[in-house]
Every structure is written in C-alpha cells, then in structure tokens.
Amino acid sequence: MLIEMLDLSPLEKLVDAIQNGKWKTAEDLIKLLVEQPTGRSDLSEENFKRRIIKIIKDEYMDCKKKTSREKVTFALLSGHQEEYNEEIPELRDRLIEASQIFTDELCHGEETISNKASDFIKTGETILTYGCSSYVKRFLLKAAETQKFTVVYVSSGSKSLDSEMVKAFSSRQSLRVVVIPHSNVFAMMPRVTTIVVEPQAVYANGGFMAVSGMHVIALAALHYSKTFLVCGPTTKYSPKYGTACDEAFDKIQPADDMLPSTDKNLLGQAYALNSLYDYVPPELVTLFITETGDHPPGYCYRIVREIYGTEEDI
C-alpha cells in the first residue's frame, strides 16, 4: 500500500494568501486561512494551517516586542487570549520570510531524517519494513552507504508498489533483500532486529495512523521485544488524540489487489473488506524519528505544543 508522499500544494495556497491576500492585521490573516476550504481528506492540510497560524502569532508578538515567546506561551496556558488586531507594516514581509524558511525545512526534511540512519542501523542487522514509503526507502538506502544488512520487505499486495521498493533496495550491493507475504510476519520476526515504517499521521497521545496491516506487525514486534521505529516529518503530527474507534479507520478501498481477477466465480461470490488504515497504539512504538530528532511516544504531546501552540485554532 502506498503511503502518501508529502504534498506541499496546500502549503503553497496558504503562503499565497500571506503574500497576496487582502488582510491588514494578523487577526484578519488568521481568519482568512481558517476559512480556506480543505480539499484533502487527511490531516496534512489542517496541520499546515495550524503551523502557519503558529508562525503568524509568533511573528506578530516579535514585532510588537511586548513580551517574549515564553511569556506568550505562559499567557496562553493561563487562559489569556492575545488579540492580534494591531496593524504592523513589516508583518507581511516577515511572514513571507518565515513561511519560506518553513517550506525549505519541509523540503529538506526527508534528507535530514535519512542522515540519522547510521545511528539506528548497523552491519549484520535485519530490518523489516512494510508499505511503499519514500522516507523509509531513503532512510534504508542512506544506511546502506556505510552498512551491510538485510531488508525484509513485507508485501503490501500491490505488485507495482512492491516492485518499486524491492527494485530500489536491490540496486545496492550492500543490501540483501527478502520479500515475504504479510502472513509470514510472525514467523519471520525472531530473525528481525528492527522494524522501520512510516506513519500516515501521528497523534498527540503517541499513537499513529498507518497502512492497514501495520498493527499486526507491531504486535509481533512487541511479542519478540523488537525495536519499532517510526520515521516521518513533524507535519504529520496532529493535536488530536487517536483511538481505534476514530472514523478515519472506517475507510475501505477496492479489493482488486486482494482477489485474483482471473477467478470470475470467486469475484461474484466473495465480499471482501479491504480496510485502508490501522491504528497503532503508543505502547507498541519504541521511537519516533523526525527532522528535529528522535523521541519516545510519550513526548509527542510536547512536539505538538511546540509546533502548533496550545490553542485549537482549527
């Protein structure tokens, strides 16, 4: 299953509103961004909005120079609501510069995460991964530049996506590639050293949304006390608290990859439910690896506070 690549088009719309939108104060701009329609079903666009709004508030307070950011955070925690209705001539230019810095950080995020690979993967280890992920692919290929190890790739059921990942890993002589079906994960797990995967979204409680089938892999890793690493950018972090009952996990997808199209009798009689996402609780995760560093699941709420602030703006 394909893990969605980072799409910057929603961010580009927000930056365009900063540059060309009709606003005079930070409060006007925040309202303008919040009212923009959300065109995607995942959390990425909401997270971009939250991040940009946090940048707007920080830059506004810096321009006013009334208080430090630490005091602003304390004021928010104590229930004080700052007003952002003062016109500041240089605010637009400062926001354009700050949003460009943020965009550049996102563009280099994958490289930053991959540079940490040698800290977690050593020669002779066996790494298991699941899902077609650009972050995991680059992470493992970066490690292969200095280490020799085995990659166990769990088939997602899609021949095109599986072949893309296997082809990328097989291009490195330092990598030994083993492909297994999802049903063999538990039997293979004793030989595995580390599991490396990418999330669809990370929740404030330390759980994460992943491609369907990930929960079973995480349970097998816990049973055999294996290291479970989750690699992804902080833009996938959401202030929401995830549970398996969330409506996002009710989504299903076509079962074309699950059933053989040549067996017409089977297709006419079978009713297959092919779920799109799994919820993996925080107790099954060892570490999250982001462009800002690595941290345990219990630290996710701190990351959310740092990048979005304490207010629920959206």
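The following refers to the structure shown.

Thresholds applied
- Residues numbered from 1 in each chain as written.
- Predicted model: local features only at pLDDT ≥ 70, side-chain atom pairs only at ≥ 80, totals over all residues.
- Heavy atoms only, no water.
- Helix = DSSP H or I, 4+ residues; strand = E, 2+ residues; numbered from the N terminus.
- Buried < 20%, exposed > 50% of the residue type's maximum accessible area, 1.4 Å probe, protein only.
- Contact = heavy atoms within 4.5 Å.
- Areas by Shrake-Rupley, 256 points an atom, 1.4 Å probe, with all protein chains shown as cover.
- Pairing = 2+ DSSP bridges.
- Axes fitted to C-alpha atoms, helices over the stretch in contact; angles between N-to-C directions.
- Polar contact = N/O pair within 3.5 Å; in protein donor to acceptor, adjacent residues only side chain to side chain.
- Core = buried A, V, L, I, M, F, W, Y, C linked by side-chain atoms within 4.5 Å.
- Salt bridge = Lys/Arg side-chain N within 4 Å of Asp/Glu carboxyl O.

Counting its regular elements, the protein contains 13 helices and 13 strands. When the 314 residues of the protein are sorted by exposure, 50% land in the buried category. A fraction of 77% describes how many contacts in the protein between residues 6 or more apart in sequence connect residues 24 or more apart. By element, 50% of the accessible surface of the protein is carried by carbon and sulfur atoms, the whole surface being about 15,800 Å².

So, about the sheet that holds strand E6 (residues 208–211). Reading across the sheet, the four strands line up as E8-E5-E6-E11 and stay open at both edges, with mixed pairing between neighbours. Each edge of the sheet is formed by a strand with only one pairing partner; in this case those strands are strand E8 (237–238) and strand E11 (277–280). Helix-sheet contacts for helix H11 (residues 214–223) involve E6 and E11, and the interaxial angle to E11 is about 30 degrees.

Here the focus is the environment of Ser170. Counting through the fold element by element, Ser170 comes out in helix H9 (residues 159–170). Ser170 sits in the partly exposed class, given a relative accessible area of 46%. For Ser170 and Val151, which are 19 residues apart along the polypeptide, the C-alpha to C-alpha distance reads 9.5 Å. Engagement of the side chain of Ser170 in a polar contact is seen with the backbone oxygen of Val166, the distance being 2.8 Å.

Counting residues in each nonpolar core, the largest one holds 33 residues, and the members touching the most others are Met189, Ile195, Phe208, Met214 and Phe228. Broken down by secondary-structure element, the contributors of at least two residues to this core are strand E1 (126–130), strand E2 (149–154), helix H10 (185–188), strand E4 (194–197), E6, H11, strand E7 (227–231) and helix H13 (300–308). In contact with Phe228, other than residues within four places in its own chain, are Ile195, Val197, Phe208, Met214, Ile217, Ala218, Ala221, Leu284, Val285, Thr286 and Leu287. Formed by 26 residues, the second largest nonpolar core is a distinct cluster that contains Leu8, Ile52, Ile88 and Leu106.

Another aspect to go through is the sheet that holds E2. Across the sheet, seven strands lie side by side as E3-E2-E1-E4-E7-E12-E13; this open sheet has mixed pairing. The sheet terminates laterally at strand E3 (175–180) and strand E13 (293–295), the two strands that pair on one side only. For this sheet, the mean angle separating the axes of adjacent strands, direction not counted, is 25 degrees. Those strands touched by H9 are E1, E2 and E3, and its axis lies near 175 degrees from that of E2. Helix-sheet contacts for H11 involve E1, E4 and E7, and the interaxial angle to E7 is about 145 degrees.

What follows is about the pattern of salt bridges. Using the criterion set out here, one finds 10 salt bridges in the structure. Between Arg94 and Glu59 there is a salt bridge; the shortest N-O distance is 2.9 Å. With Arg94 in helix H5 (residues 91–107) and Glu59 in helix H3 (residues 44–64), the pair connects residues that are 35 residues apart, well separated along the chain. Residue classification places Glu59 among the buried positions, given a relative accessible area of 11%.

Another point: the pairing of E6. In this structure, strand E5 (residues 201–203) lies alongside E6, joined through two bridges in antiparallel fashion. The residue bridging Val202 from the neighbouring strand is Phe208, located in E6. What sits between the antiparallel neighbours E5 and E6 is a turn of four residues, in which Gly206 has the positive phi angle 95 degrees. Strand direction decides the pairing type here: E6 and E11, joined by four bridges, are antiparallel.

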